[in-house]
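Analysis of the macromolecular model
For reference, the chains in residue letters:
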Amino acid sequence: MKFAVIGTGGVGGFFGGKLAKSSEDVWFLARGKHLEAMRANGLHINSAEGDWIVPSGKMTDNPSEIGIADVILF
């Protein structure tokens, strides 16, 4: 199943990060300096459940790069 997180902020980043941590196919849409930081360092998740990093890769500012998704978190 392919997931697209449209708006990778606190909520989208957390839930998308949990899906990615579970080996799901997750794409993150972000822009500007946030996207640059995610591409350079991955997406860092800090939570009461523990901290982890989603490695950089499926992160873009272009929705057409994501293609068709089964589930969109908006």
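Relevant structure appears above.
These remarks concern the structure in this document.

What counts, and at which threshold
- Residues numbered from 1 in each chain as written.
- Predicted model: local features only at pLDDT ≥ 70, side-chain atom pairs only at ≥ 80, totals over all residues.
- Heavy atoms only, no water.
- Helix = DSSP H or I, 4+ residues; strand = E, 2+ residues; numbered from the N terminus.
- Rg over C-alpha atoms; globule rule 2.2 N^0.38 Å.
- Buried < 20%, exposed > 50% of the residue type's maximum accessible area, 1.4 Å probe, protein only.
- Contact = heavy atoms within 4.5 Å.
- Areas by Shrake-Rupley, 256 points an atom, 1.4 Å probe, with all protein chains shown as cover.
- Lys, Arg positive; Asp, Glu negative; His and termini not counted.
- Charge placed at Lys NZ, Arg CZ, Asp CG, Glu CD.
- Pairing = 2+ DSSP bridges.
- Right-handed = clockwise from strand over helix to strand, strands pointing away.

1. Topic: the overall build of the chain
Across its full length, the chain carries three helices and six strands. Starting at the N terminus and ending at the C terminus, the chain contains elements arranged as β-α-β-α-β-β-β-α-β. Taken over C-alpha atoms, the radius of gyration comes to 11 Å for the chain, in line with the 11 Å a tight globule of 74 residues would show. Its C-alpha atoms give the chain principal-axis dimensions of about 35 × 25 × 20 Å. The 74 residues of the chain split such that 32% are buried. For the chain, restricting intrachain contacts to residue pairs at least 6 apart in sequence, the fraction spanning at least 24 positions comes to 57%. Counting only carbon and sulfur atoms, one obtains 56% of the accessible surface of the chain, whose full area is about 4,600 Å². For the chain, the centre of its 7 positive side-chain charges and the centre of its 8 negative side-chain charges are spaced 3 Å apart.

2. Considerations on the pairing of strand 1 (residues 2-6)
Judged by how many residues are buried, strand 1 sits mostly within the fold: four of five residues are covered. Relative to strand 2 (residues 25-29), strand 1 runs parallel, the two sharing five bridges. Directly across from K2, in strand 2, lies its bridge partner D25. In this view, the connection linking strand 1 to its parallel neighbour strand 2 by way of helix 1 (residues 10-21) has right-handed handedness.

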